[in-house]
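Structural overview
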There are 2 protein chains.
Amino acid sequence: MDTLEILRNLAIIIICAKVFGLIAHKLKTPQVAGEIVAGLLIGPSLFNLVPDNDFLSGMAEIGVILLMFSAGLETDIEKLKKSGLKAIAIAVAGVSIPLVLGTVMYMCFYGFSAPGTAGYIEAVFIGTILTATSVSITVQVLKELGKISTEIGTTIMSAAIIDDVIGIVLLTAVIGLKDPDANPGLVCLKTAAFFALAFVAGIVIFKIMQMIDRRWPHTRRIPIISLVLAFVMAYIADKYFGVADITGAYVAGIILSSLDDSAYIDRKMDINSYMIFGPVFFASIGLQTNLRTVDMSILAFSVAFVLVGLFGKIAGCGLVSKLLGYKGSDCLKIGVGMMTRGEVALIVTQRGLKADIIDSRYFTAVILLIIISSIFTPIILKALYASE
Amino acid sequence: MDTLEILRNLAIIIICAKVFGLIAHKLKTPQVAGEIVAGLLIGPSLFNLVPDNDFLSGMAEIGVILLMFSAGLETDIEKLKKSGLKAIAIAVAGVSIPLVLGTVMYMCFYGFSAPGTAGYIEAVFIGTILTATSVSITVQVLKELGKISTEIGTTIMSAAIIDDVIGIVLLTAVIGLKDPDANPGLVCLKTAAFFALAFVAGIVIFKIMQMIDRRWPHTRRIPIISLVLAFVMAYIADKYFGVADITGAYVAGIILSSLDDSAYIDRKMDINSYMIFGPVFFASIGLQTNLRTVDMSILAFSVAFVLVGLFGKIAGCGLVSKLLGYKGSDCLKIGVGMMTRGEVALIVTQRGLKADIIDSRYFTAVILLIIISSIFTPIILKALYASE
């Protein structure tokens, strides 16, 4: 491709993503939603200014790896260890109810398929997309209300971390099964082998990185080596274990999350992310979505998807909270706090698209879920706290 | 291309570039030299681990734009205005003597060509590569010796900035002439039109950016808009004026160099640069160079190129300094201080390669010049100051 076109496309993507990101922010929705809308506008849906191409896909790929690496880096392992059984139970319910409901809903729309068939895997994948919570919106609201350090705040945050981990493992398993000749036993074995190896290698890598970090704190080599580690783990995961590359990058982030300099590393990743790779990734979602092909059937599916997505989390997390002894209004707060979706849902969708499991038309449903959950969570949460 | 391969290639490039960059730094040579050596090692010259491909070229292109934008941002316009006739005279001599000597030397090797022919343009281009000084090494040495604020230090720094500007204009003109049907008058007219337009637009852009910057200082939008501006100016320069895209990025940097937040912008660009795009650019130079094809004739040419490069600056800057009334040893200091070459020489070479003016084998000569000048400048400068 002509390198001049690269500059042109990047300029359009970055400025539009920033402008619409800011507008989204003003409207109290996540910037990510604005960046996707920017992609929709400049893509085939409307103005067709920027074609999706191999170079942009490559940049978007780096963007995804950076985002997932960052998500891993921000994991608070200590909090995870302390979060206890309550958070784990809530997370498990918050993953499994939307997973099952999403799968069933897909089958209601497109017919029941026998386990192991492509239709079945597609159905399960739609359920998988619904599993990962993105609590950044909830965290903002709780901070605003001064409730972030309450028991409910801590529970939501811990459960959200755990449900990310479960979601990633689930994604790994489903993608592993995509191959019609795949032996489910072998897939599970390879996945288990990856996590076992990552655990052992993780301890060694952490020790080495800690040594380097303490010897040369706050030097450029720290984020550079970390970035390379994320790329390498993503590559090894996918190439040798059939595990999604984003899982590798996420695990790399978790391994380094306890370093003294983990926030320093995260900041450098973040700058790379928000300047170039992030906008390209989110806009590329918009570029891959052609709203002109959206018909009534996709629209109906999207609405059902959003309802199941919201209700699944509220029901799953809420009911288990009730069983754990929380009072009614607190259960609702936990459920609503867990219902926001964000980057991870998009990344999972995009992985399914790349693995030929699902079609790009489901982006519409996921984008809708992100926007609607981000708008309603703050409103409902504030109302719930105000009514006390 | 497979996105997994992208991760693999980037991981190899970034880690090798960092390791060899650090080794180069320990050996008191510029990190850039180490990064190029890393590219040579992993490229076709030795281990052939990473193939040069379209994706990496695109990333390298972004890297070049970032580097030149950064160079522009770091321009101190106030110092430039004050630098006076002395620095201008030294810069002009420091550009023209190596330019003429380089052109003549090329013709001695490969035969004389009539003005306007491809051979002639190639010869002038070889001279053009020799024009741009990179004073970062000299600045380091002068700082170490505590001589950076002396008259000689200031003169060297001002002259180096001016010679960058002249070098860029020269590059623009030569690339404009590459087209056999190009009308030299039209090329000059378009080049002049670009700079005139950039000057007028620059004032408007600066005023607008200053307003944005003062309203929202130190926010993400500042570096993001700046980056987009660099891409846009690079695109417009090349697309509509036939001016090298790096010139556009450089001019964008100069326009923004007087913003309150110019250092803030530069820092963000620098992080993008050193983490991913910079290593890819410098390593890609190594990837494009195949040392296995280096024969005696290229080697002989390279040695002559290095000698002319070093001698041309010492003679040009030194003699004019003498005429301006500096004493003998100070003239030598100025000449030696101006003889280091770096990124810009490489970028110019790479642009000539892209425009089909020169062949990739000249990279060998340029790399040699950078390494040798970076090693000898500090040694000679220190000796000159010690002998006082």
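None of these values were measured; they are calculated from a predicted model.

A tally of regular secondary structure across chain A gives 16 helices and 0 strands. Along the three orthogonal principal directions, the C-alpha set of chain A runs to about 55 × 50 × 50 Å. Out of the 388 residues belonging to chain A, those deemed buried represent 57%. Here the analysis covers contacts within chain A between residues at least 6 apart in sequence; of these, 79% occur between residues at least 24 apart.

Looking now at unusual backbone geometry. Keep in mind that most residues, glycine aside, have a negative phi and that most peptide bonds are trans. All names here are of chain A. Positive phi, normally seen in glycine, also occurs at H218, with a value near 60°. Mapped onto the elements, H218 comes out in the loop between α9 (184-215) and α10 (221-241). On the basis of neighbour counts, which here come to 10 C-beta atoms within 10 Å, the residue H218 falls in the exposed class. Despite not being glycine, D356 shows a phi value in the positive range, around 60°. Judged by C-beta crowding, with 10 C-beta atoms within 10 Å, D356 ranks as exposed.

Right, let's get into the relation of the copies chain B and chain A. Its rotation angle being 180°, the transformation that places chain B on chain A also includes 0.0 Å of axial translation and leaves an RMSD of 0.0 Å. The symmetry that links the two subunits is that of a two-fold axis. Same-surface contact between copies: 100% of interface residues of chain B are shared with the interface of chain A.

Each partner contributes residues to the interface: chain B has 36 residues there, and chain A has 36 residues. Within the residue set of the side of chain B that touches chain A, elements represented by two or more residues are α1 (3-26), α3 (54-73), α10 (221-241) and α12 (262-288) of chain B. Residue contributions to the side of chain B that touches chain A peak at 11 residues, all from α10 of chain B.

Another point: the packing of α1 of chain B against helix α2 (residues 31-42) of chain B. Residue and element names in this part refer to chain B. Orientation of α1 relative to α2, taken along the N-to-C sense of each, is 135°, at an axis distance of 7 Å. It follows from the interaxial angle that α1 and α2 lie oblique. Relative to α2, α1 is oriented so that their crossing is right-handed. Across the interface between the two elements, I12, I13, C16, A17, F20, G21, I23, A24 and H25 of α1 pack against Q31, A33, G34, E35, V37, A38, L41 and I42 of α2. Taken together, the residues of the contact of α1 with α2 break down into 12 nonpolar, 4 polar and 1 charged.

This brings us to the packing of helix α9 (residues 184-215) of chain B against α10 of chain B. All names here are of chain B. Running from amino to carboxyl end, α9 crosses α10 at an angle of 165°, the nearest separation of the two axes being 12 Å. Here α10 runs roughly antiparallel to α9, going by the angle between their axes. The way α9 lies across α10 gives a crossing that is right-handed. Here α9 contributes K190, T191, A193, F194, I205, I212 and D213 to the contact with α10, which in turn contributes I222, I225, L229, A237 and F241.

What follows is about the environment of D238 of chain A. Structurally, the position occupied by D238 of chain A is in helix α10. In the structure, D238 of chain A is positioned 66 residues away from T172 of chain A in sequence and 9.7 Å away in space, judged by C-alpha atoms. If sequence neighbours within four positions are ignored, D238 of chain A has contacts with V243, A244, D245 and G248 of chain A together with L4 of chain B.

What follows deals with the environment of L66 of chain B. All names here are of chain B. The topology assignment puts L66 in helix α3. Classification of L66 by C-beta neighbours within 10 Å gives buried; the count is 26. Spatially, the C-alpha atom of L66 lies 24 Å from that of T364, the residues being 298 residues apart in sequence. Beyond its immediate chain neighbours, meaning those up to four positions away, L66 contacts M269, N272, S273 and F277.

Another point: α1 of chain B. For α1 of chain B, which comprises 24 residues, the first-to-last C-alpha distance of 35 Å matches the rise-based estimate of 34 Å (1.5 Å per residue) to within 8%. Phi turns positive, to about 65°, at K28 of chain B, one or two residues after α1 of chain B.

All names here are of chain B. Between its terminal C-alpha atoms α2 stretches 17 Å, which fits the 16 Å expected from 12 residues at 1.5 Å a residue. Taken across its 12 residues, α2 has 11 buried, putting it largely inside the fold. Inspection of α2 places Q31, V32, A33, G34, E35, I36, V37, A38, G39, L40 and I42 among the buried residues, and these make up the whole buried set. Contact partners of the buried residues in α2: α1, α12, α15 (343-354) and α16 (362-386).

Another point: the environment of K333 of chain B. Residue and element names in this part refer to chain B. Residue position: K333 is located in helix α14 (residues 328-337). Distance in space between the C-alpha atoms of K333 and G153 is 9.4 Å, their sequence separation being 180 residues. Excluding anything up to four places from it in sequence, K333 contacts I152, L381 and L384.

Once that is clear, we can look at the confidence of the model for chain A. Residues and elements named next belong to chain A. Summing up the model confidence of chain A, the mean pLDDT is 88 and the portion of residues at 70 or higher is 98%. Looking over chain A, one finds the lowest element-wise mean pLDDT in helix α4 (residues 77-82), namely 75, and the highest in α10, namely 94. Among the scores for the predicted complex, ipTM is 0.84 and pTM is 0.85.

Conventions we followed
- Here the residue index of a chain counts from 1 through its sequence in written order.
- The lettering of chains begins at A and the numbering of ligands begins at 1, in the order of writing.
- Owing to the predicted nature of the model, reporting of local features is limited to residues with pLDDT of at least 70; listing and counting of side-chain atom pairs is limited to 80 or more, with chain, interface and lining totals taken over all residues.
- Put simply, DSSP marks the helices as runs of H or I at least four residues long and the strands as runs of E at least two long, and each gets a number from the N terminus on.
- Counts of 20 or more other C-beta atoms within 10 Å of a residue's own C-beta define buried residues, counts of 12 or fewer define exposed ones, and intermediate counts define partly exposed ones; C-beta atoms are placed from the backbone.
- Whether two residues are in contact depends on their C-beta atoms, placed from the backbone: they are in contact if these lie within 7 Å.
- When the copies are superposed, the least-squares fit takes in the C-alpha atoms of residues with a pLDDT of at least 70 in both.
- Axis definition: a line fitted to C-alpha atoms, over the contacting stretch in the case of helices. Angles run 0 to 180 degrees between N-to-C directions.
- In what follows, roughly perpendicular refers to angles from 65 to 115 degrees, roughly parallel to angles under 35, roughly antiparallel to angles over 145, and oblique to any angle outside these ranges.
- Each crossing is labelled by how the near helix is turned from the far one, with a counterclockwise turn of less than a right angle marking it left-handed and a clockwise turn marking it right-handed.
- Amino acid classes used here: Ala, Val, Leu, Ile, Met, Phe, Trp, Tyr, Cys and Pro are nonpolar; Asp, Glu, Lys and Arg are charged; the rest, including Gly, are polar.
- A helix is expected to span 1.5 Å for every residue after the first.
- pLDDT measures the predictor's confidence residue by residue and takes values from 0 up to 100.

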